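Geometric and topological summary
Listed here are the chains, written in short residue letters.
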Amino acid sequence: MELFSLPSLFLLSTLFVFYISKFLNKRSQRNCYMLHYECFKGKDERKLDTETCAKVVERNKHLGLEEYRFLLRTMASSGIGEETYGPINVLQGREASPTLLDAYSEMDEIMFETLDKLFHKTKGFVSPSDIDILVVNVSLFAPSPSLTSRVINRYKMREDIKSFNLSGLGCSASVISIDIVQRIFETRENAFALVVSTETMGPHWYCGKDRSMMLSNCLFRAGGSSVLLTNAARFKNRALMKLVTVARAHVGAEDEAYSCCMQMEDKDGHPGFLLTKYLKKAASRALTKNLQVLLPRVLPVKELIRYAIVRAIKRRTTTKRESTSSGIGLDLKTGLQHFCIHPGGRAIIEGVGTSLGLTEFDIEPSRMALHRFGNTSSGGLWYVLGYMEAKKRLKKGDKILMMSMGAGFESNNCVWEVLKNLDGKNVWEDSMDRYPELSKIPNPFVEKYDWINDDTMSFIRV
């Protein structure tokens with residue numbers, strides 16, 4: 001006697017195949033592959049060299065001798081070079097009276113140039129109509145219609161696209177955007193996503209004399225990036241990298257951390273961006289909270305056990321006065337090979353490098369990205385990644401830790417696994433042969449304007 005009839009066997013086999021397929025699809029939906037990324041590079045006439053910067057400073061009639069000296073010290077120690085890019089309205093001398101068109105023009109140039117290049121290089125397998133998810137992050141410009149709508153209109157994307165327009169998240173918004181995408185991937189099969197990260201600098205150029213607000217003019221520059229992601233397993237062989245994990249930490253409950261990085265007006269009514277002395281402490285605290293979650297996911301158990309034992313011994317054998325040694329104590333190289341530190345400023349890069357026990361070789365990509373392109377806000381991490389790729393550092397199987405920090409105060413980090421040896425041409429193509437040597441040349445601000453520090457200048461009205 002047959003236990004199952006042919007129709008029953010067919011039904012059972014169909015159900016078996018269905019659930020196996022569902023299980024495999026569920027696993028593949030957890031994947032997040034990076035297919036391509038593009039960074040913005042301005043035209044030569046947009047470069048903010050020493051002479052151009054001096055002209056911008058000279059136009060600010062609110063500055064006195066002490067402000068000039070402060071700017072000279074800041075620029076001389078900033079780690080920023082002669083070839084970063086500035087907003088058009090600032091270069092044209094209209095920083096005190098920006099228009100809405102200036103903001104739109106700046107965003108259109110960065111977003112559309114990077115997206116045009118991205119779609120051109122991936123046109124064999126992805127088109128704008130294939131995009132399922134679009135995330136655009138720009139902290140200081142949130143027009144209506146949204147910037148995501150502007151992108152959708154430009155590229156005539158589908159009506160069922162899921163779009164997200166993020167603002168106010170600062171320099172760490174790109175990793176937040178990737179986190180949003182990978183979470184949506186868990187509910188969508190074979191999806192494509194775009195993450196566009198940039199910032200509008202022109203309409204927010206500070207024209208006052210508050211030193212804590214003048215810092216943003218010295219550090220921030222025009223730039224941005226576009227990244228193409230997918231969870232479709234069939235594109236694994238085309239992918240550059242695979243997302244391993246994302247961790248986010250927010251210490252905004254502390255008043256000092258919340259207010260250390262803030263858009264505001266000074267006492268004279270000049271709008272700008274405030275950066276306080278607490279910024280470094282807030283960044284350290286947020287990064288520590290983040291790494292406490294992230295590192296156990298990516299470092300081998302052996303290293304975690306070694307760290308726990310050493311830490312326990314030190315607690316029992318050292319006094320409080322002796323326990324002020326710097327460094328995290330973990331050997332990050334046991335699970336990570338490369339470190340993308342947000343190029344927010346020389347102090348941030350060197351501070352993170354020291355606390356994590358990184359070498360000069362490890363922090364070189366971030367220092368060079370800061371020197372060549374400045375602090376491009378949420379797009380900055382991708383210039384660092386581009387440097388690593390252009391230098392042919394990225395090999396199959398390597399893991400990259402991306403570390404970003406931004407207003408709030410937040411630390412948002414992620415880890416990527418390299419899926420193939422990378423040596424593609426990118427935004428660094430015409431600069432690669434000159435770095436890192438170019439960054440070692442003394443800052444020309446000191447040579448040209450050190451006379452400002454002469455004591456006799458104190459008796460002269462500047």
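What counts as what
- Residues numbered from 1 in each chain as written.
- Predicted model: local features only at pLDDT ≥ 70, side-chain atom pairs only at ≥ 80, totals over all residues.
- Heavy atoms only, no water.
- Buried < 20%, exposed > 50% of the residue type's maximum accessible area, 1.4 Å probe, protein only.
- Helix = DSSP H or I, 4+ residues; strand = E, 2+ residues; numbered from the N terminus.
- Pairing = 2+ DSSP bridges.
- Arc of directions from axis to C-beta.
- Contact = heavy atoms within 4.5 Å.
- UniProt positions renumbered as here; feature names shortened; annotations may be inferred.
- Axes fitted to C-alpha atoms, helices over the stretch in contact; angles between N-to-C directions.
- Salt bridge = Lys/Arg side-chain N within 4 Å of Asp/Glu carboxyl O.

Looking at the pairing of strand β1 (residues 33-39)
Burial of β1 is extensive: 7 of the 7 residues sit out of reach of the surface. Note that β1 and strand β5 (residues 224-230) share 6 bridges and pair antiparallel. Bridging across to β5, Tyr 33 finds its partner in Thr 230. The pairing of β1 with strand β6 (residues 241-250) spans 2 bridges and is classified as antiparallel.

Some thoughts on helix α12 (residues 346-355)
If you check which residues of α12 are buried, you get Ile 348, Ile 349, Val 352 and Gly 353. Taken end-on, α12 shows its buried residues confined to a sector of 125°, consistent with a single buried face. Contact partners of the buried residues in α12: α10 (279-298), β9 (338-341), α13 (360-373) and β10 (399-406). Positioned one or two residues after α12, Gly 357 has a phi angle of 70°, which is positive.

A short note on the UniProt feature "active site" (unreviewed entry) in the protein chain
UniProt's feature table lists "active site" (unreviewed entry) at Cys 171, His 250, His 338, His 342, His 371 and Asn 375, given in the numbering used throughout. Residue position: Cys 171 is located in the loop between β3 (162-166) and α7 (173-185). Those residues in contact with Cys 171 that lie beyond four places of it in its chain are Phe 220, His 342, Asn 375, Ser 377, Ser 378, Ser 404, Met 405 and Gly 406. Secondary-structure assignment places His 342 in the loop between β9 and α12. Those residues in contact with His 342, other than ones at most four positions away along the chain, are Cys 171, Ile 348, Ile 349, Asn 375, Ser 377, Leu 381, Met 403, Ser 404 and Met 405.

Notes on the sheet that holds β5
Read across the sheet, 9 strands follow the order β3-β2-β4-β5-β1-β6-β11-β10-β9 without closing on themselves; strand pairing throughout is mixed. The open sheet is flanked by β3 and β9, the only strands paired with a single partner. Each strand axis lies, on average, 20° off the axis of its neighbour in the sheet, ignoring direction. Strand contacts of helix α6 (residues 147-155): β2 (133-137) and β3, with the helix running at about 130° to β2, the strand carrying the most contacts.

A word on the pattern of salt bridges
Considering all chains together, one arrives at 26 salt bridges under this definition. A salt bridge links Glu 95 to Arg 59; the nearest nitrogen and oxygen atoms lie 3.0 Å apart. In this pair, Glu 95 sits in the loop between α4 (88-91) and α5 (100-121) while Arg 59 sits in helix α2 (residues 50-59), placing the two residues 36 residues apart along the sequence.

Side note on α6
Buried within α6 we find Leu 147, Thr 148, Val 151, Ile 152 and Tyr 155. Buried residues of α6, seen end-on, are gathered within an arc of 145° and therefore sit on one face of the element. Against α5, β2 and β3 lie the buried residues of α6.

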